[in-house]
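Residue strings, one per chain:
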Amino acid sequence: MGKVKPVFNVLPPLSLYVHLPWCESKCPYCDFNSHPLRSELPESAYLDALLSDLTLHVPEAWSRSLTSVFIGGGTPSLFSARGVHRLISGIRARVPCAPGMEISLEANPGSCDVQNFAGFRDAGVNRISIGIQSFHTRRLKDLGRIHDRTQALAAAEAAHTAGFDNVNLDLMFGLPDQTVQQAVCDIETAISKQPTHISSYQLTLEPNTLFYRHPPTLPTEDETWEMQLAIQSQLTTAGYCRYEVSAYTKDSHQCKHNLNYWQFGDYLGIGAGAHSKISFADRVIRSMKRKHPNSYLNHASTNARVATSYELTTQDLCFEFLMNALRLTQGFSPLLFQQRTGQSLTGVSQAFTELQRDGLLHVDRSQIKATEKGYRYLDDVLQRLLPADTTRESRA
């Protein structure tokens, strides 16, 4: 099965991810490729590198248009508005862009104000994502964040004042020593700021983080479940629709960039440690750039900027599609599965039957999605969909 070439008659939408790897300090829970800034930000040199990197990708994007751009990190808001303008202009000059393309930028409340936000908006950013995490100063300190409650509130206000009409607030629950009431208060405060999108993640202890090596005292599993149910209830009452495991939107402002990931679309990744997934007529290639910023800067204008590259097997395609698409509350259609993987659902039909019997999946001719029970135990659902005869390698 793994050696049969898939056939893609229609290529999926194409997005661009831009990684800006520096932050003012490394949070103890963060497993992203981020690096504390210990000297002056090499903004100009890094922008040169990003645009050289993208130029080498142009043949892969031939005859295709970008549907979204996401500038993440690290802390992208450490970069100047002038630098962000140069970046966006450089992207538009190199790759065709769809009209009204979504351009998101992540911002940290500790490194932004109204003037910064206005500058990013003028540079072409039309969606801002603010890493609030909590509005409780003590919980923020426990997380190693550089901002406090006052700065968090100010950042949410500043985004609206600067003219953004598409704002996401990132929050976390299940924090060290957090109570259910504190988690509910955080979400109520976020709702009061009337963002178009709220992301609500449970804190997990990831390998290669300080929290993993020295675990803090976290709420119990029952307490975090109570937090999640209370958060969902508050958001639903306020008119927010849950469309993905951790994502809620108002007035149909889903994150187009993330939707493309979850629907197994394609994306180019530029920047230190950035990942790409690109479909061709008969194969799908994943790759990753060099992770350390200095190494990336030294190789960004050559093919040596790519640290790893490999072709996905048909089993990879099937499992990775399911791992992403089942995160969506609406799931996916059999047609989308075929378009994105180049194969039919026959290979997983038996597993689907068993999962439906156990009340974990809803399956019919037009839609496959996790039930409410399946959503709670999604990791277990995916484990049962993993081919038993496949030994999967961990690819950084």
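Below is a summary of the structure that appears in this document. The numbers attached to residues start from 1 for each chain and follow its sequence in the written order. Owing to the predicted nature of the model, reporting of local features is limited to residues with pLDDT of at least 70; listing and counting of side-chain atom pairs is limited to 80 or more, with chain, interface and lining totals taken over all residues. To obtain the side-chain values, all non-hydrogen atoms of the structure were used and water was disregarded.

What to know about the state of the cysteines
For the record, the criterion: Sulfur atoms of two cysteines make up a disulfide when they are within 2.5 Å. Partly exposed describes any residue whose relative accessible area lies between the buried limit of under 20% and the exposed limit of over 50%, with all areas from a 1.4 Å probe on protein chains only and scaled to the type maximum.
Within the structure shown, the criterion is met by zero disulfides. Of all cysteine sulfurs, the one in Cys27 lies closest to Cys30, which takes part in no disulfide; the gap is 6.3 Å. On the basis of relative accessibility, which here comes to 14%, the residue Cys30 falls in the buried class. As a non-bridged cysteine, Cys255 has Cys241 as the owner of its nearest cysteine sulfur, 15 Å distant.

Structural notes on the packing of aromatic side chains
Cut-off, in case you're wondering: The pairing test for Phe, Tyr and Trp rings, Trp by its six-membered ring, is centres within 6.5 Å, and the orientation test on the planes gives stacked under 30 degrees, edge-to-face over 60, and tilted for anything in between. Strands are runs of DSSP state E lasting at least two residues, helices are runs of H or I lasting at least four, and both sets are numbered from the N terminus onward. Distance and angle both matter: a charge sits over a ring if NZ of Lys or CZ of Arg is within 6 Å of the ring centre and within 35 degrees of the ring normal.
Here the structure, examined in full by the defined rule, presents 11 aromatic pairs. When the ring of Phe117 is compared with that of Phe164, the centres are 6.5 Å apart and the planes differ by 85°; the resulting orientation is edge-to-face. With Phe117 in helix H3 (residues 114–123) and Phe164 in the loop between helix H5 (149–161) and strand S7 (167–173), this pair connects stretches of sequence that are 47 residues apart. An aromatic cluster is built from Trp22, Tyr46, Phe79 and Tyr296, whose rings are joined through pairwise contacts. The positively charged end of Arg283 is found above the aromatic ring belonging to Phe280, 4.4 Å away from the centroid. A cation over a ring is seen here: Arg376 above Trp225, with NZ or CZ 3.8 Å from the ring centre.

Quick look at the packing of helix H11 (residues 314–325) against helix H12 (residues 334–341)
For clarity, the threshold we go by: Simply put, an axis is a line fit to the C-alpha atoms, just over the touching stretch for a helix, and the angle between two N-to-C directions goes from 0 to 180 degrees. The cut-offs work like this: below 35 degrees is roughly parallel, past 145 is roughly antiparallel, 65 to 115 is roughly perpendicular, and the gaps in between are oblique. Each crossing gets its handedness from the near helix: less than a right angle anticlockwise from the far helix is left-handed, clockwise is right-handed. In what follows, residue pairs with any heavy atoms lying within 4.5 Å of each other are defined as contacts. Under the scheme applied here, ten amino acids are nonpolar (Ala, Val, Leu, Ile, Met, Phe, Trp, Tyr, Cys and Pro), four are charged (Asp, Glu, Lys and Arg), and all others, including Gly, are polar.
Contact geometry of H11 with H12 gives a least axis separation of 10 Å together with a crossing angle of 135°. Between H11 and H12, the crossing angle belongs to the class labelled oblique. In terms of crossing hand, the pair formed by H11 and H12 is right-handed. Facing H11, whose interface residues are Leu317, Cys318, Phe321 and Leu322, H12 presents Leu336, Phe337, Arg340 and Thr341. Classifying every residue of the contact of H11 with H12 gives six nonpolar, one polar and one charged.

Regarding H5
Selection rule: Multiplying one less than the number of residues by 1.5 Å gives the expected span of a helix. The directions from the helix axis to the C-beta atoms are what the arc is built from. A 3.5 Å cut-off defines polar contacts: any pair of N or O atoms within that distance qualifies, except that in protein one atom must be a possible hydrogen donor and the other a possible acceptor, and neighbouring residues in sequence count only when both atoms are side-chain atoms.
Under the 1.5 Å per step criterion, the end-to-end length of H5 is 18 Å for 13 residues, consistent within 8% with the ideal 18 Å. Buried within H5 are the following residues: Ala152, Ala155, Ala156, Ala158 and Ala159. One side of H5 holds all its buried residues, which, seen down the axis, span an arc of 160°. Residues of H5 that are exposed and point more than 90 degrees away from the buried face comprise Thr150 and Thr161. For H5, the elements touching its buried residues are H3, strand S6 (127–133) and S7. If you check the start of H5, you find a side-chain oxygen 3.2 Å away from the backbone N of Thr150, and it comes from Asp148. Just downstream of H5, Gly163 is the residue with a positive phi angle, here 105°.

Some thoughts on the pattern of salt bridges
Should their charged atoms come close, side chains of opposite charge can pair. Just so we agree on the cut-off: The term salt bridge refers to a pairing of a side-chain nitrogen on Lys or Arg with a carboxyl oxygen on Asp or Glu at a separation within 4 Å.
Within the structure shown, the criterion is met by 13 salt bridges. We note a salt bridge from Asp266 to Arg64, for which the minimum N-O separation is 3.0 Å. Highlighted residues: Asp266 in strand S11 (residues 266–271) and Arg64 in the loop between helix H1 (43–57) and strand S4 (66–73), separated in sequence by 202 residues. For the residue pair Asp266 and Arg64, the accessibility class agrees, reading buried in each case. For Arg327, the salt bridge is made with Glu244, and the minimal N-O distance between the two is 2.5 Å. Of the two residues, Arg327 sits in the loop between H11 and H12 while Glu244 sits in strand S9 (residues 241–244), which places them 83 residues apart along the sequence.

Re a negative patch on the surface
This is how the line gets drawn: Patches draw on residues past 30% relative accessible area with no salt bridge. Two like charges within 9 Å are joined, as are two nonpolar side chains (Val, Leu, Ile, Met, Phe, Trp, Tyr) within 5 Å. For the accessible areas, the method is Shrake-Rupley and the probe is 1.4 Å, while residue cover comes only from the protein chains on display. Positive charge is attributed to Lys and Arg, negative charge to Asp and Glu, and no charge count is given to His or to the chain ends. One atom stands in for each charge, and that atom is NZ of Lys, CZ of Arg, CG of Asp or CD of Glu.
On the surface, Glu221, Asp222, Glu223 and Glu226 cluster together to form a negatively charged patch. Looking at where Glu226 falls in the secondary structure, it is placed in helix H8 (residues 221–237). Residue Glu226 is classed as partly exposed on the basis of its relative accessible area, which comes to 46%.

By themselves, these observations are geometric and do not establish any function.
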